[in-house]
Structure formats: structure tokens, C-alpha cells
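# Understanding the architecture of this molecule
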Amino acid sequence: MKRRLGEETVLFVSIIKWCVLATCVGIIVGAATTFFLKILNWSTAFAGQYQYYYLILPAALFVSVIVIKYLAPDAEGHGTEKVIEAIHKRAGKIKLMVVPVKLVTTIVTIAAGGSVGKEGPCAQIGGGLASAFADLLRFDDHDRKKLVICGISAGFAAVFGTPIAGAIFGVEVLFVGSILYDVLLPSFIAGIMSFQIASSLGIAYFYHPISFIPVFSEVFFLKVIIAGIFFGICSIMLIEMLQAGEKLSGKLPVWKPWKGVIGGAVLICLTLLFSTQYLGLGLDTISGALNGGKPPWYSFIMKGIFTSVTLNFGGSGGIVTPIFFIGTTAGTFFAEVLRLDTATFAAIGMVSVLAGSANTPIAASIMAVELFGPKVAPYATVACVISFLMTGHRSVYPSQVLAIKKSASIQVEVGKEMEDVEAAAKPRSNSFIGRSGKLIRKIKSMTGK
């Protein structure tokens, strides 16, 4: 009885402790995210007044690289990746200087037309402020790590406008195939508080309930499955584009800030050849696709190229908003080919490409409910899980730690970061694939081929 009482007392005190701490983190991150989003909205509106605003891209990326290189190297890239790395390698220790540097460089990049998102900086700002808060309270590594995860969830919830999906995303994105259940409660509280603070301070969010959902049939369900496979391929395409851009940038034997100038010049050329549609956040294209619009069929490919160039040549910002762009435009392309409702598959594509490229099928499925309503949720969930499996052991976040194999027929070492994972097909002898391989080899030996 005494042991039980002691256990329950400790758990009760722990719940109260983390409710208070998560609430504080939610308030701090919600206010900071609001500040960032309002400055970002003002700066993009100001730059958008000028027809050829994107001509300053070389200078903007040059400045971004200089500021990051000499003030806060951890602010490089798309934000979330660096926070995941800090949690796994440094128990969540993030330098406070990362917060203002990330804020400034992201605003400079996006205002000039760089193809990045706004959620990565919010996650890094949230994680950085939470880390500073933990240092102020002199927390140990375990508690600091939990508090930083709360900061990530709060940042995502405030920028997405989806408190539950944002909180789950902040926890799910750390590991592929595993969730830290002991951080769920404070993450939910931090996410909800951050969202409420941002909403009360005037941040407006995008919601688009899908009214048209075809009546369930075996044929339609099969098309959803095929869509999940297609969105998984789109996720692979994005990851490979990002890696190719990184390799290309690494091979250039020039001073890093000059790479920003080169990247900016490439983006200007691409813009003149195609359109300004692929610059910046691309929210108008995303909204248009979800309202039944039909962007050029190659939009999802071009957005991947623009994003890879921006991030690998000095730009600072997130990756999720470009993922949304790629998902919605890929969804409209898929729907047009099969003559389906474009808005429905734009919505499914938006969350499915997120599930595949970020390895977050649960958060993406919940996001489908919060953004598009419950009618589309069953189909979106199926497509999300298929996309997640199709992507294989890849990720837009190389610091994610692999916790499970996506198939027992694949040889891969769990516990490694995704950038170090080497997967190889190795069908079990008694599996369907293994038996099929044996049968094929037997037929070939009998026919002498």
C-alpha cells in the first residue's frame, strides 16, 4: 500500500509539474511564433509590391549564409532537422542565438522569393526558447529534452493551426516508427496553449472542409490505394532532389556565401523560364488546388527543384510548406489523369506526401481531420500509411532515428540515424517474395535461361 501511494504521489506531482511547465512553454512559444509570423507576413507583402522582387535573391541568400556562418551555424537549413539533431545528440541543448538568427534569415529568404516554409523556423525558435527556459530552471538533460520537445510541438501547432496534429508531429518526427509516450501530455498542452495564444493575438489559419467525397466503392478505394503509392513516389522524388542538391552544392569549390549568390542566380533563371508561382511559400497555389484549381501538371516537380536549390545554396526556412505545395499539386495531377475530383485528391496528396517524406503518418492523418473534416479522413489515412511505407528508409530529416523496419523482408539496422541507414532487400525464405524468387529461379534453371 505504501509503495502504491508513493508511486501515485510521484506521478501526481509529475503531472502537475509538466502541466505547469508545458503551459509556460506554450505561452512563450505562441507569442514568439506570432511575432515571427506577423513580421513574415508584413515583409512578404512589402516585397510583393514590386514585380521583380526576386531579383534580390542572390543578395538575400548571400546575407543569409553570412549571418548563419558567423553568428549561429546551427540555424542552417530547414530548422526542424537541426532541432531533431540537438535532441538526439545534445539532449536538446540549443544556443539561444539560433532564435533571432533563424528568424531574420528565414524572413530574408522568403521575402526575396526563396522556396522554403515557415514551420521549420517556428520549431527551431520553439526548441531554442524551451532550451533557454530549461537552462534558466537548471534542468537536467532528461527534463531539458522533454521541454525542448514541447517547444517543437508548440511551434508546429502555432504555425499549422492544428494543435493536435502539430503536437503529435513534434513527437512523431523524432523517430521513425516510435513515439515517446511520456512526452505526449506536455506536448499536447504546449501545442494547445501555443495555438490559443497565436489565435488570440490575431494569427488566422487556413481550414478547408472537403464537402465532396465520392460514395464508397471498391473501385474508388482502389484508386485511393494507387494514389497512396503515387504520393509515396512523390515523397521519394523530393528526398532525392534534396540530396542531389546537397551533393551538387558540396562539389562547388567556392566560398560558402558565394554559393548563395549562385543559387539565387539559378532561381532567377528558373523563375524567368517558368513562373513566380514556385517562389516563396506558394500559399495561393496550395489554396487554389484545394479549391479545385488546376496548376500546370509539372508543378510538383518544379517546386521540388526550387526548394532543393534554395535550401542547399544558402536559404533558410522550413520544408513542410513546400511539401504541402508538392502534395496538393501532385494530387490535382493524379486526379486529372484518372478524372477524379481534384480538390479531394489535392487534400489527400497534401497530407500523404507529408506522411511519406517526413515519416509521420499519424500526425498527417490527424491533420487531415483538423484541416479538411472527418469525411475525407478514412481515405487520407490509408493513403498516408501507404505513402509512408512506399518512401522506404528515407527522410527529409536525416537526423531521424530509425526505430522499426518498414518490412521484415528488408535488411536494415534499426537505431541508426536515417542518413546512415543502408537498406537492402533480403526476402525471407518462407515469405511470398522469397517463394516467388525461388520459383522464378527454378523455372529459369529448367528452361536453361
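Report follows, based on the coordinates. (Residues numbered from 1 in each chain as written. Predicted model: local features only at pLDDT ≥ 70, side-chain atom pairs only at ≥ 80, totals over all residues. Heavy atoms only, no water.)

## As for the overall build of the chain
From N to C terminus, the chain includes 17 helices and four strands. For the chain, the spread of C-alpha atoms along the three principal axes comes to 75 × 75 × 50 Å. For the chain, buried positions account for 55% of its 449 residues. At a minimum sequence separation of 6, the contacts of the chain that also span at least 24 residues come to 76%. One finds the centroid of the 38 positive side-chain charges in the chain at a distance of 7 Å from the centroid of its 25 negative side-chain charges. (Helix = DSSP H or I, 4+ residues; strand = E, 2+ residues; numbered from the N terminus. Buried < 20%, exposed > 50% of the residue type's maximum accessible area, 1.4 Å probe, protein only. Contact = heavy atoms within 4.5 Å. Lys, Arg positive; Asp, Glu negative; His and termini not counted. Charge placed at Lys NZ, Arg CZ, Asp CG, Glu CD.)

## A look at a negative patch on the surface
Among the surface-exposed residues, Glu246, Glu419, Asp420 and Glu422 lie close enough to one another that they form a single negatively charged patch. Note that Asp420 resides in the loop between strand 3 (410-411) and strand 4 (424-425). (Patch = residues over 30% accessible without salt bridge, like charges linked within 9 Å, V, L, I, M, F, W, Y side chains within 5 Å. Areas by Shrake-Rupley, 256 points an atom, 1.4 Å probe, with all protein chains shown as cover. Salt bridge = Lys/Arg side-chain N within 4 Å of Asp/Glu carboxyl O.)

## Notes on the packing of helix 6 (residues 141-160) against helix 8 (residues 184-200)
The N-to-C vectors of helix 6 and helix 8 enclose an angle of 40 degrees; their axes lie 7 Å apart at closest approach. By the angle between their axes, helix 6 is oblique relative to helix 8. For helix 6 against helix 8, the interelement crossing comes out right-handed. Between helix 6, through Ile149, Cys150, Ser153, Ala154, Ala157 and Ala158, and helix 8, the contact on the second element is made entirely by Pro186, Ser187, Ala190, Gly191, Ser194, Phe195 and Ala198. A breakdown of the residues in the contact of helix 6 with helix 8 according to their chemical character gives nine nonpolar, four polar and no charged. (Axes fitted to C-alpha atoms, helices over the stretch in contact; angles between N-to-C directions. Parallel < 35°, antiparallel > 145°, perpendicular 65-115°, else oblique. Left-handed = near helix turned anticlockwise from the far one by under 90°. Nonpolar A, V, L, I, M, F, W, Y, C, P; charged D, E, K, R; others polar.)

## Things to note about the packing of aromatic side chains
For the structure on display, the rule yields 26 aromatic pairs. For the pair Trp42 and Phe46, a centre-to-centre distance of 5.6 Å together with 10 degrees between the ring planes defines the contact as stacked. Taken together, the residues Trp42 and Phe46, both in helix 1 (residues 2-47) and four residues apart, mark about one turn of the helix. Note on Trp42: relative accessible area 59%, which makes it exposed. (Phe/Tyr/Trp six-rings, centres within 6.5 Å; stacked < 30°, edge-to-face > 60°.)

## Here's the deal with the side chain of Ser64
Summarising the element assignment, Ser64 is placed in helix 2 (residues 57-71). Note on Ser64: relative accessible area 1%, which makes it buried. At 2.9 Å, the side chain of Ser64 forms a polar contact with the backbone oxygen of Gly314. (Polar contact = N/O pair within 3.5 Å; in protein donor to acceptor, adjacent residues only side chain to side chain.)

## Observations regarding the pattern of salt bridges
Counted according to the given criterion, the structure contains eight salt bridges. Across the salt bridge formed by Glu417 and Lys89, the nearest N and O atoms sit 3.7 Å from each other. Note that Glu417 is positioned in the loop between strand 3 and strand 4 and Lys89 in helix 3 (residues 80-90), a separation of 328 residues in sequence. Two residues, Asp141 and Arg144, come together in a salt bridge whose shortest N-O distance is 2.9 Å. You can see Asp141 and its partner Arg144 sitting in helix 6, three residues apart, about one turn around the helix. Here the salt bridges do not stand alone but share partners, grouping Lys93, Asp135, Asp141 and Arg144 into one network.

## Quick word on the packing of helix 9 (residues 218-251) against helix 13 (residues 320-338)
Pairs of packed helices are described in terms of their axes, by the angle between the two and the distance that separates them. For the pair helix 9 and helix 13, interaxial distance at closest approach is 10 Å and the crossing angle is 135 degrees. The angle between helix 9 and helix 13 places the two elements in the oblique class. The handedness of the crossing between helix 9 and helix 13 is right-handed. Touching Lys223, Ile226, Ala227, Phe230, Phe231, Cys234 and Leu238 of helix 9 are Ile323, Ile326, Gly327, Ala330, Gly331, Phe333 and Phe334, all from helix 13.

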